[in-house]
Amino acid sequence: STAEPTAAERREVPGTVDVVVVGAGFAGMYLLHELRLAGLSAVVFEKGTDVGGTWYWNRYPGARVDVESLAYSYSFDPDLEQRFEWQERYPTQPEILAYARHVADRFDLRRDIVFRTAVTAAHYDEAAKTWQVRTDQGDAVTAQYLVMATGCLSASKLPEIPGLETYEGATYHTAHWPHEDVDFTGKRVGIIGTGSSGVQSIPVIAEQAAHLTVFQRTPAYSLPARNRKLTVEEIADMKARYRAYRKEQQESGFGVPTAIPTKSVLEASEEERNAVFEQAWESGSLVNLLTAYTDLTIDQEANDVAKRWIHGKIKAIVEDPQTAEDLCPDYPVGTKRPCLDTGYYETYNRANVSLINLRREPIVEITPRGIRTEAREYEFDAIVYATGFDAMTGALTKVDIRGRGGASLAETWSAGPRTYLGIGTAGFPNLFMITGPGSPSVLSNMIVSIEQHVDWVCDAIEHLRAQGLTTIEPQPEAQDAWVDHVNEVASATLYPKANSWYMGANVPGKPRVFMPYAGGVGEYRKKCDEVARNGYEGFVLQ
Ligand code: N01
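Named according to an unreviewed UniProt entry, the protein is Cyclohexanone monooxygenase originating from Pseudonocardia thermophila. In its Sequence similarities (unreviewed entry) section, UniProt records this for the protein: "Belongs to the FAD-binding monooxygenase family." We quote the UniProt Cofactor (unreviewed entry) comment for the protein here in full: "FAD".

Caption draft 1: Region of the structure containing the overall build of the protein. Scanning the protein from terminus to terminus reveals 17 helices and 20 strands. Here the protein has a C-alpha radius of gyration of 23 Å; the compact-globule value for 542 residues is 24 Å, and the two agree. Its C-alpha atoms put the protein at 70 × 55 × 50 Å along the principal axes. Taking the intrachain contacts of the protein between residues at least 6 apart in sequence as the baseline, contacts between residues at least 24 apart amount to 72%.

Caption draft 2: Quick look at the site of the ligand. What surrounds the ligand is a group of 23 residues, the closest being Ser197, Gln200, Arg217, Thr218 and Lys336. A distance of 3.0 Å is found between an oxygen atom of the ligand and a backbone nitrogen or oxygen belonging to Ser196. Contact between the ligand and Lys336: an oxygen atom at 2.7 Å from a side-chain N or O atom of the residue. In isolation the ligand offers 910 Å² of accessible surface; the protein chains occlude 90% of this area. If you tally residues by element for the shell around the ligand, the top one is helix H5 (residues 196-208), at three residues.

Caption draft 3: Summary view of the pattern of salt bridges. As enumerated under the stated definition, the model contains 37 salt bridges in all. One salt bridge in this structure joins Arg106 and Asp79, with 2.7 Å as the shortest N-O distance. With a gap of 27 residues between them, Arg106 in helix H4 (residues 93-106) and Asp79 in helix H3 (residues 78-83) connect regions that are remote in the sequence. Its salt-bridge partner being Asp326, residue Arg360 comes within 2.8 Å of it at the nearest N-O pair. Of this pair, Arg360 sits in the loop between strand S12 (353-357) and strand S13 (363-366) while Asp326 sits in helix H11 (residues 321-327), and the two are 34 residues apart along the sequence. Beyond isolated ion pairs, a larger network of salt bridges with shared partners links Arg188, Arg369, Glu377, Glu379 and Asp381.

Caption draft 4: Examining the sheet that holds S13 more closely. Here three strands make up an open sheet; going across it, the order is S13-S14-S15 and the pairing antiparallel. Bordering the open sheet on either side are S13 and strand S15 (377-379), each of which pairs with just one other strand. This sheet shows a mean twist of 20 degrees between the axes of neighbouring strands, independent of strand direction. Both S13 and strand S14 (residues 370-373) contribute to a ladder of three bridges, which runs antiparallel. Bridged to Glu365 within S14 is Arg372.

Caption draft 5: Summary view of the packing of aromatic side chains. One pass over the full model with this rule turns up 36 aromatic pairs. Consider the rings of Tyr420 and Phe539, whose centres lie 4.8 Å apart with planes at 55 degrees: the pair is tilted. On the criterion of sequence distance, the pair formed by Tyr420 in the loop between helix H14 (409-412) and strand S18 (431-433) and Phe539 in strand S20 (residues 539-541) is long-range, its members being 119 residues apart. With respect to burial, Tyr420 and Phe539 carry one shared label: buried. An aromatic cluster of at least three residues, connected via ring pairs, comprises Phe26, Tyr30, Trp55, Tyr72, Tyr74, Phe76, Phe84, Trp86, Tyr99 and Phe107. Seen from the ring of Trp57, Lys47 lies directly overhead, with NZ or CZ sitting 5.8 Å from the centre. Positioned over the ring face of Tyr378 is Arg376, at 4.0 Å from the centre of the ring.

Caption draft 6: Structural context of the pairing of strand S2 (residues 42-45). Neither face of S2 is open: one carries Ala42 and Val44, the other Val43 and Phe45, and all of them are buried. Note that strand S1 (residues 16-22) and S2 share four bridges and pair parallel. Looking at the pairing, Val21 lines up with Val44 of S2. Each parallel crossover has a hand, and for S1 linked through helix H1 (residues 26-37) to S2 it is right-handed.

Caption draft 7: Quick look at the sheet that holds strand S16 (residues 382-385). Reading across the sheet, the five strands line up as S7-S16-S8-S9-S12 and stay open at both edges, with parallel pairing between neighbours. Because the sheet does not close on itself, it has two edges, and the strands there are strand S7 (170-173) and S12. Neighbouring strand axes in the sheet, compared pairwise and without regard to direction, differ in orientation by 20 degrees on average. Looking at chain direction, strand S8 (residues 188-192) and strand S9 (residues 211-216) are connected through five bridges and run parallel. Bridging from a neighbouring strand, Gly190 pairs with Thr213 of S9. Contacting S8, S9, S12 and S16, H5 crosses the sheet at an angle of about 170 degrees to S8.

Cut-offs used in this document
- Residues numbered from 1 in each chain as written.
- Predicted model: local features only at pLDDT ≥ 70, side-chain atom pairs only at ≥ 80, totals over all residues.
- Heavy atoms only, no water.
- UniProt positions renumbered as here; feature names shortened; annotations may be inferred.
- Helix = DSSP H or I, 4+ residues; strand = E, 2+ residues; numbered from the N terminus.
- Rg over C-alpha atoms; globule rule 2.2 N^0.38 Å.
- Contact = heavy atoms within 4.5 Å.
- Near = heavy atom within 4 Å.
- Polar contact = N/O pair within 3.5 Å; in protein donor to acceptor, adjacent residues only side chain to side chain.
- Areas by Shrake-Rupley, 256 points an atom, 1.4 Å probe, with all protein chains shown as cover.
- Salt bridge = Lys/Arg side-chain N within 4 Å of Asp/Glu carboxyl O.
- Pairing = 2+ DSSP bridges.
- Axes fitted to C-alpha atoms, helices over the stretch in contact; angles between N-to-C directions.
- Phe/Tyr/Trp six-rings, centres within 6.5 Å; stacked < 30°, edge-to-face > 60°.
- Buried < 20%, exposed > 50% of the residue type's maximum accessible area, 1.4 Å probe, protein only.
- Lys NZ or Arg CZ within 6 Å of the ring centre and 35° of its normal.
- Right-handed = clockwise from strand over helix to strand, strands pointing away.

What follows is the structure, encoded as structure tokens:
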């Protein structure tokens, strides 16, 4: 049934399973399906009341994915691909959640998912070679394998601002939006944060609110999404060539096929590059802009050309010159996650919207009535926190995971995450991460990367079984070499130049390490396949 289970309908939890999966988003769902096909027993623990992960939690107004629907979908079941009818080019959160629920129904997934239950601890028992998993509902499960399908952007965070708890009006975090409609009609609303969540929700909230005040610390680069209904013809066209398209996705850089650039932007005439950028801007695709030339993401001078061009666009849209200036980012384009929007910059031309540049007017505290900056106090009926996540590692380290010798994962990673292929980490046998740090993950179409990891992990488990082996664990040397490679690839790009969540810069005290793997989805897949083909080279199998 598609009805959300009630507390009373909580599944019975088995005492022992082959695999415990944490999270029932797109990763956990597909993993469960594949584990069943492999004849393994599994239980999935999920904090929410239904499947969908990111798309279950992030219900803020205007929430959409910024990868096209026909590409941001599972490839493992051609029949599912043919049957599901996407409505829009960039689907809304409710449409994507409906897709997740459709998949759960289709494969009867919910019977092995325990909802309303968070995994709090997982300790490795070296003698028994099993994981002892505990939940906030008092469950205790023994499993041979533990898979963290917890997502890269799931541990949300509030800003570190004094007085936060004293505010007396309504508060919302974009990643914990209520299930019921929130109506801002006639309300004075303040929003902190101008990343993807802020950029998507600001235009929608502005249409409702009496007044919306946006508190911006760092401006985002955003492109118009050019969202629209899909046509019957384009759906039919994709459905006819899906198999070939999926292969192109898997071999591409970002999990989205694009033309490979051949020219430096510095070699192009001004007229030519203006035309190329204009085309990317009109196409409503981030990837088209960043891959228009060979050097935009690796060379400062090249990137500056794109930056100045986008500044020109912002200044042409936003009427108030100071606001326009404040909206122009100064870090290299693409080094913080760029956004796709619907009417974002235009929103600042509305009489009921104001932008507060926190670089000039920092927030001092949150008061019972609103937000006080160094200049004045702003009073609000509601405050929206679009302040993001403890990305990539937060969801992993907040669970008390202990490996060999009782070593805690959080402590082991205190100077930054260390993994082999972003799949496993030394000292933690039979622990797998789906799209973990050190894998392309957030630099890719997540569903493409999720499917690749799930397939790889299931193959590894089946290989162990077939060989009569019981444990798999990265060798420290192989892990060191992979971490070095991840760093080397990142330092050949402009990514480390920005204070981004990719670098852990949004979390005070988090080590400054570029966490995802920037070598591209296709190259990464080849490496993982090669490791498996060579008898899981770099892992110890016992
Ligand atoms: O979070 P963010 P998000 N005082 O971290 C600001 C994906 N996503 O939820 O940049 C003042 O990007 C912070 O400022 P700064 C996507 O991968 C995708 O928006 O740290 N401001 C920033 O402006 C995305 O990148 C989609 O200086 C504070 C904002 O809050 C990722 O999720 C949609 C502050 C946080 O932005 C995260 O996006 C949504 C403080 N103390 C999300 N603390 C799509 O598919 C933080 N900020 C379109």
